[in-house]
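Spelled out, the chains give:
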Amino acid sequence: MSDANLAEDFSYAVRLHGEGRYAEAEELYRRLLDRLPDNVNLLVNYGLLLRERQRHAEALAMLRRAVNLSPANHGAWLALGAACESAGRLQDALAAFGRAVTLAPHDPRGWNNQGKALYLLGRTEEALASFQRAVRLRPDYPLALANLGVALHALERFAEAVACLERAAAMQPQDTDVLYNLASALALAGRREDAVARFRQILGLDANHAPARHMLAALTGATPDTAAPRDYVQTVFDQYAARFEAHITGVLGYTAPTALRRLADTIARRRFARAVDLGCGTGLAGLAFRDTVEQLWGVDLSAAMLAEARAKGIYDRLEQEDIVAFLHACRQEAWRFDLLLAADVLIYQGGLEPLFGAAVARLAPDGLFLFSVETLDRHDKGAGFMLRPSGRFAHHPDYVAACACRCGLRVLARRPIRLRKEQGVWLDGLVCALGRASAAIAA
Ligand SMILES: C[S@@+](CC[C@H](N)C(=O)[O-])C[C@H]1O[C@@H](n2cnc3c(N)ncnc32)[C@H](O)[C@@H]1O
């Protein structure tokens, strides 16, 4: 290849890459790299392609080589930061974006990307400042506006979040992620009608958008029988994971794990050989029971929540799975549990038969099934359960007991609790202990 051919081939490889023709682009990048092993632009493009193909270790190696060869090249640091973020190495991503903004403080991309890493690390106030800086530098930067909206939402500054997200949506009217964040912020800003219109707009663009369908039902008073869709749960908790504990305990005053532990202790002070924490989240309920359990397993749909739980080092086994599917899968192994725990998780289940039916089949003869619910107001008793505008289900205690009975379980004990706050107001809840209908545990 002559020098002119090299330049032409590089442009062509970049074009193939841009068109998503990854295999052809990679082949060309690889051949070019044989000729130009120290070309930083080539290393950056090839590294980004490897990142897009989820080959994280190779991407990181290539982009580290690029920044070592050209430490003042802020584009290479941006690419390395993006690869670190995709590989789940958020601290390294933050460090790389930090170098990028130091080298090129006038490039809004660095501030936006740094803001995203800070947000994913749960450092929401700092993320907000970083996004604000990006938007000051480029007021028509839709990604930074959308991210700024998400950070404002997380800080419960809903009206400001709406304003940012409306600007982002005006620039990217087909972007269902932006529209979904906007609709959610509108709902929390008290603009129900506008939120409904936006959720409908999303469904017009993508009729299979399960989270929008769920929230539309929640805001229009429809209650499906089925559990909240997986996509919805994953979207909510993957975004929430990093700040979950600080927020739910510090701001919302969450009580379910300790209330469940107290309830278990009033029934019988005992140890459990094998327990599973259903919808374990970051592990708050697991922690409350760890000293009573020999083997503790956790199951959750959200990868980001599971990563936080793993970091606690209290679980013997963690699985990313739907709780009902997990219990059914345990049947094949004939596993039984002495304790099933579900703290603040039935709020994502509609009718409880599928869960109770799966639970009874996996509960040891004298096992306990402990869980909390948000309780339905007395005047809504007839419904049994209801999907609230929050997107969470509330259940009536009589419905819970009747459903347990239909599934071969019985209520051993239950207590009303103040579960957690919503916009500063306590939500009523219930902690409940079920055993097999035939079990001989005293209530
Ligand atoms: C409010 S958090 C509670 C987490 C934890 N139990 C606690 O007490 O801190 C609800 C958790 O349940 C998980 N979740 C909701 N529905 C689920 C399902 N069907 N299968 C598995 N996990 C689910 C969510 O991902 C989230 O981590």
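Small disclaimer: the values here were computed from a predicted structure and weren't measured.

**Q** Can you help me understand the overall build of the protein chain in this one?
**A** When helices and strands are tallied, the protein chain shows 20 helices and nine strands. Along the three orthogonal principal directions, the C-alpha set of the protein chain runs to about 85 × 45 × 35 Å. Expressed as a percentage of its 443 residues, the buried residues of the protein chain come to 51%. Within the protein chain, counting contacts between residues at least 6 apart in sequence, those at least 24 apart form 59% of the total. Accessible surface, the protein chain: about 19,400 Å² in total, of which carbon and sulfur atoms supply 51%.

**Q** Before we go on, may I ask you to explain the side chain of E85 in this structure?
**A** With respect to the helices and strands, the residue E85 is situated in helix α5 (residues 74-86). Leave out the neighbours within four places in its chain, and E85 touches L90, A93, F97, K116 and L120.

**Q** When you look at the site of the ligand in this model, what are you seeing that I'm missing?
**A** Near the ligand, the surroundings consist of 20 residues, among which Y254, G279, D300, D322 and A343 are the closest. Within the side chain of D300, an N or O atom sits 2.6 Å from an oxygen atom of the ligand. Alone, the ligand offers 590 Å² of accessible surface; in the complex the protein occludes 99% of this. Considering every element that reaches the shell around the ligand, the biggest residue donor is helix α14 (residues 230-251), with three residues. A class-by-class count of the residues in the shell around the ligand yields 12 nonpolar, four polar and four charged.

**Q** Just to check I follow, could you spell out the pattern of salt bridges for this structure?
**A** Close approach of charged atoms allows side chains with opposite charge to pair. Within this structure, the stated rule accounts for 30 salt bridges. Between R261 and D265 there is a salt bridge whose closest N-O contact spans 3.2 Å. Pair noted here: R261 and D265 are both in helix α15 (residues 256-267), with a separation of four residues, about one helical turn. A single network of salt bridges, built from pairs that share partners, joins D344, E374, R388, R392, R420 and E422.

**Q** Even after reading the chapter, I still don't get α15, so can you show me in this structure?
**A** Because each turn of an α-helix spans 3.6 residues, side chains separated by three or four positions end up pointing in the same direction. An ideal rise of 1.5 Å per residue puts 16 Å on 12 residues; α15 measures up with 17 Å between its terminal C-alpha atoms. Taken as a whole, α15 has its buried residues at A256, P257, A259, L260, R261, L263, A264 and I267. Against α16 (284-289), β4 (337-342), β5 (363-374), β8 (409-422) and β9 (425-436) lie the buried residues of α15.

**Q** What is the right way to read the pairing of β8 from this model?
**A** Within a regular strand, side chains alternate between the sheet's two faces. In this structure, β8 lies alongside β9, joined through 12 bridges in antiparallel fashion. Within the sheet, the bridge partner assigned to P416 lies in β9 and is L430. The hairpin formed by β8 and β9 contains two residues between the paired strands, and Q423 there has a positive phi angle of roughly 45°.

**Q** What is the right way to look at the domain arrangement of the protein chain in this model?
**A** Quite often, the size of an interface is put as the accessible area lost when its parts meet. Domain boundaries in the protein chain define domain 1 (1-105), domain 2 (137-222) and domain 3 (234-436). Each of domain 2 and domain 3 has a C-alpha centre, and the two are 30 Å apart. Facing 13 residues of domain 2, the contacting portion of domain 3 comprises 11 residues. Across the interface of domain 2 and domain 3, roughly 850 Å² is buried in total on both sides, 52% from carbon and sulfur atoms. Counting across the interface, domain 2 meets domain 3 through three residue pairs in polar contact (both at pLDDT 80 or more). At six residues, helix α13 (residues 210-219) tops the list of elements feeding residues into the side of domain 2 that touches domain 3.

**Q** How should I be thinking about the packing of aromatic side chains in this particular structure?
**A** By convention here, two paired aromatic rings are described through the distance between centres and the angle between planes. Applying the stated criterion across every chain, the model contains 15 aromatic pairs. A centroid spacing of 6.0 Å and a plane angle of 35° characterise the contact between F237 and Y240, whose relative ring orientation is tilted. With F237 and Y240 both in helix α14 and three residues apart, this pair spans about one turn of that helix. The burial state of F237 is the same as that of Y240; both residues are buried. Chaining the aromatic ring pairs together yields one cluster made of F237, Y240, F244 and Y348.

**Q** Sorry, what's going on with the pairing of β9 here?
**A** By the criterion of burial, β9 is predominantly enclosed, with nine of the 12 residues buried. Pairing analysis gives six bridges linking β5 to β9, with the strands arranged antiparallel. Residue pairing in the sheet places F369 in a bridge with L434 of β9.

**Q** What should I look at first to understand unusual backbone geometry in this one?
**A** Comment: phi is negative for the bulk of residues other than glycine, and the bulk of peptide bonds are trans. A positive phi angle is found at D344, which is not glycine, with a value near 60°. Tracing the chain through its elements places D344 in the loop between β4 and α19 (353-362).

**Q** Even after reading the chapter, I still don't get the nonpolar core, so can you show me in this structure?
**A** Across soluble globular proteins, nonpolar side chains show a tendency to be buried alongside one another. Grouped together as the largest cluster of nonpolar side chains are 158 residues, with contacts concentrated most on F199, F356, F369, L370 and F371. The element contributing the most residues to this core is helix α9 (residues 142-154), with eight residues. If we ignore the near neighbours within four places in the chain, the residues touching F199 are Y180, A183, S184, A212, M215, L216 and L219.

**Q** Explain the environment of T292 to me, please; I cannot follow it from the model alone.
**A** When you line up the elements, T292 lands in the loop between α16 and β2 (293-300). Among the residues examined, T292 registers a relative accessible area of 6% and is labelled buried. The spacing of T292 and R269 is 23 residues in sequence and 8.8 Å in space, taken between C-alpha atoms. Contacts of T292, omitting those with residues within four sequence positions, involve R261, R270, R271 and F272. Within polar-contact distance, the side chain of T292 engages the backbone oxygen of F289 at 2.7 Å.

**Q** Would you take a moment to explain the sheet that holds β8 for this structure?
**A** Within the open sheet, the seven strands sit side by side as β3-β2-β1-β4-β5-β9-β8. Their pairing is mixed. Of all strands in the sheet, those with a lone pairing partner are β3 (317-320) and β8, marking the two edges. For this sheet, the mean inter-axis angle between neighbouring strands, taken without regard to orientation, is 15°. Of the strand pairs in this sheet, strand β1 (residues 272-278) and β4 are connected by three bridges, and their pairing is parallel.

About the cut-offs
Residues numbered from 1 in each chain as written. Predicted model: local features only at pLDDT ≥ 70, side-chain atom pairs only at ≥ 80, totals over all residues. Heavy atoms only, no water. Helix = DSSP H or I, 4+ residues; strand = E, 2+ residues; numbered from the N terminus. Buried < 20%, exposed > 50% of the residue type's maximum accessible area, 1.4 Å probe, protein only. Contact = heavy atoms within 4.5 Å. Areas by Shrake-Rupley, 256 points an atom, 1.4 Å probe, with all protein chains shown as cover. Near = heavy atom within 4 Å. Polar contact = N/O pair within 3.5 Å; in protein donor to acceptor, adjacent residues only side chain to side chain. Nonpolar A, V, L, I, M, F, W, Y, C, P; charged D, E, K, R; others polar. Salt bridge = Lys/Arg side-chain N within 4 Å of Asp/Glu carboxyl O. Expected span 1.5 Å × (residues − 1). Pairing = 2+ DSSP bridges. Domains from an automatic or database assignment. Buried area = accessible area lost by both parts, 1.4 Å probe. Phe/Tyr/Trp six-rings, centres within 6.5 Å; stacked < 30°, edge-to-face > 60°. Core = buried A, V, L, I, M, F, W, Y, C linked by side-chain atoms within 4.5 Å. Axes fitted to C-alpha atoms, helices over the stretch in contact; angles between N-to-C directions.

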